[in-house]
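Given next are the chains, with one letter for each unit.
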There are 2 protein chains.
Amino acid sequence: MSVPVPPWQQRAGRSRAGRQPLSLEAIVGTALGLMDREGLDAVSMRRVAQELGTGAASLYAYVRNKSELHELMLDLVIGEIPVPEPDPARWRDQLKQIARDQVRVFAEHPGIAQVVMRTPAPTGPNALAMMEAVLAILRSAGLPDRVVAFAADLLALYPNAVALERSAAFGLPAEELGERMSQVERYFSQLPRETFPTIVALLPSLMAGEGDERFEFGLEVIMRGLESWAG
Amino acid sequence: MSVPVPPWQQRAGRSRAGRQPLSLEAIVGTALGLMDREGLDAVSMRRVAQELGTGAASLYAYVRNKSELHELMLDLVIGEIPVPEPDPARWRDQLKQIARDQVRVFAEHPGIAQVVMRTPAPTGPNALAMMEAVLAILRSAGLPDRVVAFAADLLALYPNAVALERSAAFGLPAEELGERMSQVERYFSQLPRETFPTIVALLPSLMAGEGDERFEFGLEVIMRGLESWAG
DNA sequence: ACCTGAACACCGTTCAAGT
DNA sequence: ACCTGAACACCGTTCAAGT
């Protein structure tokens, strides 16, 4: 039972020396893969290190702390969002499409939305490239500088918030979420009409609409609002 | 050094029996106080129990798990947001004021914004009362039912997201945040003009505007967007 | 019914010691 | 310079045992 492992088998498979040398890229990539498979909570320093065949302490040679690791993961994900060439004639469509792509890419990496809201101002290279494009598109629409700056904020915040809302669902197992939603619907339909007349009256509309329909509505509200400042 | 504590002093001060009997109200209130003083991360089952002079296991007689505790805290906070009587003539102002009050109240309880985005659909009594009021105001504006339902979503999401963004800042000590912001500004001003022409050109506007000014802009965008559906 | 201590299986981060 | 094991001070939740 306690036969020593022969040297040529030691640290096989998961060995850091055997598989891949420790590097920032390997750490961030491993962390991202772990998050994709098991969610953000699984991305602990210990688990990431374990996947790389080392101990948690070794990671601190490459990242200051766990939130720095999170921010590096975020920029990698932002890099997957396509960045269009600004076309002044299609500014509304282009901004909407970026927002849609962002929600889609974030949905492919459940957990990253939790990171983005904790990051005061994403400044990775991919975040900067995205910011440059959004600002250029808004500017080409003939909006005043200050409106451009504030609108860029709003246009980042909204898809982030929607992705975050959706990823909260991903935290739970699918059946638990479905159960919760039908519980909510049942609960709403039993509310006293005297105290909550509007909720009861609007119940069908409140439950209607897939996620995408609601998201598209929000995008359209923002676009119509922004248009009112366009010259 | 190891003199036994006399019986009449045992469990004094923090004693559950002496101070307050264990109850759902006591648990949620203690948890909220702890969050206000030390942030959401401090609200562990163990810390809350410690403040009540008991062990973590005892809390499980009152709440299913930590996230149920979080949701109870959330409804208590939502209860602090003033709910207006719907006045059809002032629907824009009323909706804006609710959004402002929500951001203000959430700012008084840093950490609660993190809870709200993890809660699929807040259904506490205070959340329901707020929802009823928002739906009634939107309906009185003459918006179609489906627009009312979707707009209520959007009008909850936006202040939540803004509060969350601001509370991320509260996680860090104040000087660290200030340092980070000026680091960002310095970094932005050093970006190559060829690669990031729009960021560099808009730098003053990007850095301008207090939080409230940006928040008010977003509210105005949403209101102007919604108006385009009003009959 | 309500409460408890102890246990289980985890955390992030630091640090002295090794190569 | 890079890496490591061990330690420190924590977690949420379960469970058998007590009152």
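Every value quoted in this text rests on a predicted model; they were computed, and no experiment measured them.

1. Regarding the overall build of chain A
Here's step 1: Broken down by element type, chain A carries 11 helices and zero strands.
Here's step 2: Counting every position in chain A, which comprises 231 residues, the buried fraction comes to 45%.
Here's step 3: Of all intrachain contacts in chain A linking residues separated by at least 6 positions in sequence, the fraction that spans at least 24 positions is 69%.
Here's step 4: With the model as given, the accessible surface of chain A reaches about 11,700 Å², and the carbon-plus-sulfur share is 53%.

2. Re the relation of the copies chain A and chain B
Here the two chain copies are tied together by a rotation about an axis and a shift along that axis.
Here's step 1: Of the transformation placing chain A onto chain B, the axial shift is 0.0 Å and the rotation is 180 degrees, giving an RMSD of 0.0 Å. Taken together, the turn and the small shift mark the pair as related by a two-fold rotation axis. Nearest to the rotation axis, the C-alpha of Gly 225 of chain A is located 2.1 Å from it, this being the minimum over chain A.
Here's step 2: Comparing interface residues between copies, 100% of those in chain A also lie at the interface in chain B; the contact surface is shared.

3. Topic: the packing of aromatic side chains
Here's step 1: Counted by the stated rule, this structure contains six aromatic pairs over all chains.
Here's step 2: Both rings, one in Tyr 158 of chain B and one in Phe 215 of chain B, keep their centres 5.4 Å apart while their planes meet at 15 degrees; by these two values the pair is stacked. Separated by 57 residues along the polypeptide, Tyr 158 of chain B in helix α7 (residues 145-171) and Phe 215 of chain B in helix α11 (residues 211-227) bring together distant segments of the chain.
Here's step 3: Each residue in the set Phe 150 and Trp 229 of chain A together with Phe 217 of chain B is aromatic and connected to the rest through ring pairs, giving one cluster.
Here's step 4: Directly above the ring of Trp 229 of chain B sits Arg 224 of chain A, whose terminal nitrogen or CZ lies 3.9 Å from the centroid.

4. So, empty space enclosed by the protein
Here's step 1: Per the stated rule, a full pass over the model turns up two cavities of 30 Å³ or more.
Here's step 2: Quantified by volume, the second largest cavity comes out at close to 30 Å³.
Here's step 3: Residue lining of the second largest cavity: Leu 157, Tyr 158 and Ala 161 of chain A together with Leu 154, Leu 157, Tyr 158 and Ala 161 of chain B, and that is the complete set.
Here's step 4: Taken together, the elements giving at least two residues each to the lining of the second largest cavity come down to α7 (145-171) of chain A together with α7 of chain B.
Here's step 5: Ranked by residue count, the leading element in the lining of the second largest cavity is α7 of chain B, at four residues.
Here's step 6: In the lining of the second largest cavity, the residues fall into seven nonpolar, no polar and no charged.

5. Here we look at helix α3 (residues 66-78) of chain A
Here's step 1: Compared with an ideal rise of 1.5 Å per residue, which puts 13 residues at 18 Å, α3 of chain A spans 19 Å between its outermost C-alpha atoms and is within 8% of the ideal.
Here's step 2: Those residues of α3 of chain A lying buried are Leu 69, His 70, Met 73, Leu 74, Asp 75, Val 77 and Ile 78 of chain A.

6. Regarding the domain arrangement of chain A
Residues and elements named next belong to chain A.
Here's step 1: For chain A, the assigned domains are domain 1 (20-63) and domain 2 (88-227).
Here's step 2: Distance between the C-alpha centres of domain 1 and domain 2: 30 Å.
Here's step 3: With four residues of domain 1 at the contact, the number on the domain 2 side is eight residues.
Here's step 4: Interface area lost by domain 1 to domain 2 is led by Met 35, Asp 36 and Leu 40, which between them contribute 86%.

7. Concerning the pattern of salt bridges
Residues and elements named next belong to chain A.
Here's step 1: Evaluated as defined, the whole model comprises 28 salt bridges over all chains.
Here's step 2: For Arg 47, the salt bridge is made with Glu 38, and the minimal N-O distance between the two is 2.9 Å.
Here's step 3: Look at Glu 38 and you get partly exposed, because its relative accessible area is 44%.
Here's step 4: Among the charged side chains, a salt-bridge network with shared partners connects Arg 37, Glu 38, Arg 47 and Glu 51.

8. Observations regarding the interface of chain A and chain B
Here's step 1: Taken together, the contacts link 58 residues of chain A with 58 residues of chain B.
Here's step 2: Interface area, chain A with chain B, both sides summed: about 5,500 Å², of which 72% is carbon and sulfur.
Here's step 3: A per-residue breakdown of the area chain A buries against chain B is headed by Glu 132, Phe 150 and Phe 217 of chain A, which together make up 12% of the total.
Here's step 4: Along the contact surface separating chain A from chain B lie four salt bridges.
Here's step 5: One salt bridge in this structure joins Arg 214 of chain A and Asp 153 of chain B, with 2.9 Å as the shortest N-O distance.
Here's step 6: Applying the counting criterion to the chain A and chain B interface returns 10 residue pairs in polar contact (both at pLDDT 80 or more).
Here's step 7: At the level of elements, α6 (125-140), α7, α8 (174-189), α9 (197-201), α10 (203-207) and α11 (211-227) of chain A are the ones that each hand at least two residues to the side of chain A that touches chain B.
Here's step 8: Per-element accounting of the side of chain A that touches chain B gives the leading share, 16 residues, to α7 of chain A.
Here's step 9: Within the side of chain A that touches chain B, the residues separate by chemical class into 36 nonpolar, nine polar and 13 charged.

9. Structural notes on helix α6 (residues 125-140) of chain B
Here's step 1: Between its first and last C-alpha, α6 of chain B extends 23 Å over 16 residues, near the 22 Å set by a 1.5 Å rise per residue.
Here's step 2: For α6 of chain B, the set of buried residues is Ala 127, Leu 128, Met 130, Glu 132, Ala 133, Val 134, Leu 135, Ala 136, Ile 137 and Leu 138 of chain B.

10. A look at the confidence of the model for chain A
Here's step 1: For chain A, per-residue confidence averages 88 on the pLDDT scale, and 87% of positions sit at 70 or higher.
Here's step 2: When the criterion is pLDDT under 50, residues 1-18 of chain A qualifies, and its contacts beyond four places in sequence or with other chains add up to 12 contacts.

11. Some points on the side chain of Thr 119 of chain B
Here's step 1: Mapping Thr 119 of chain B onto the fold places it in the loop between α5 (112-116) and α6.
Here's step 2: Residue Thr 119 of chain B is classed as buried on the basis of its relative accessible area, which comes to 7%.
Here's step 3: From its side chain, Thr 119 of chain B meets the backbone oxygen of Val 115 of chain B in a polar contact 2.9 Å long.
Here's step 4: Filtering out sequence-adjacent residues up to four positions away, Thr 119 of chain B remains in contact with Arg 180 of chain A together with Glu 71 and Leu 74 of chain B.

12. Details of the packing of helix α1 (residues 24-38) of chain B against helix α3 (residues 66-78) of chain B
Residues and elements named next belong to chain B.
Here's step 1: Two elements in contact, α1 and α3, have axes separated by 9 Å at closest approach and are oriented at 80 degrees. Taken as axis vectors, α1 and α3 run roughly perpendicular relative to one another. Residues Leu 24, Ile 27, Val 28, Ala 31, Leu 32 and Met 35 of α1 lie in contact with α3, whose contacting residues are Leu 69, Leu 72, Met 73, Leu 76 and Val 77.
Here's step 2: For the contact of α1 with α3, a count of residues per class yields 11 nonpolar, no polar and no charged.

Reading the values: the criteria
- Residues numbered from 1 in each chain as written.
- Chains lettered and ligands numbered in written order.
- Predicted model: local features only at pLDDT ≥ 70, side-chain atom pairs only at ≥ 80, totals over all residues.
- Heavy atoms only, no water.
- Helix = DSSP H or I, 4+ residues; strand = E, 2+ residues; numbered from the N terminus.
- Buried < 20%, exposed > 50% of the residue type's maximum accessible area, 1.4 Å probe, protein only.
- Contact = heavy atoms within 4.5 Å.
- Areas by Shrake-Rupley, 256 points an atom, 1.4 Å probe, with all protein chains shown as cover.
- Least-squares fit on C-alpha atoms with pLDDT ≥ 70 in both.
- Phe/Tyr/Trp six-rings, centres within 6.5 Å; stacked < 30°, edge-to-face > 60°.
- Lys NZ or Arg CZ within 6 Å of the ring centre and 35° of its normal.
- 1 Å grid on protein atoms, 1.4 Å probe; cavity = no way out; pocket = protein on both sides within 12 Å on 5 of 7 lines; lining within 4 Å.
- Points joined across faces, edges and corners; volume = space filled by probe spheres on them.
- Nonpolar A, V, L, I, M, F, W, Y, C, P; charged D, E, K, R; others polar.
- Expected span 1.5 Å × (residues − 1).
- Domains from an automatic or database assignment.
- Buried area = accessible area lost by both parts, 1.4 Å probe.
- Salt bridge = Lys/Arg side-chain N within 4 Å of Asp/Glu carboxyl O.
- Polar contact = N/O pair within 3.5 Å; in protein donor to acceptor, adjacent residues only side chain to side chain.
- pLDDT = per-residue confidence, 0-100.
- Axes fitted to C-alpha atoms, helices over the stretch in contact; angles between N-to-C directions.
- Parallel < 35°, antiparallel > 145°, perpendicular 65-115°, else oblique.

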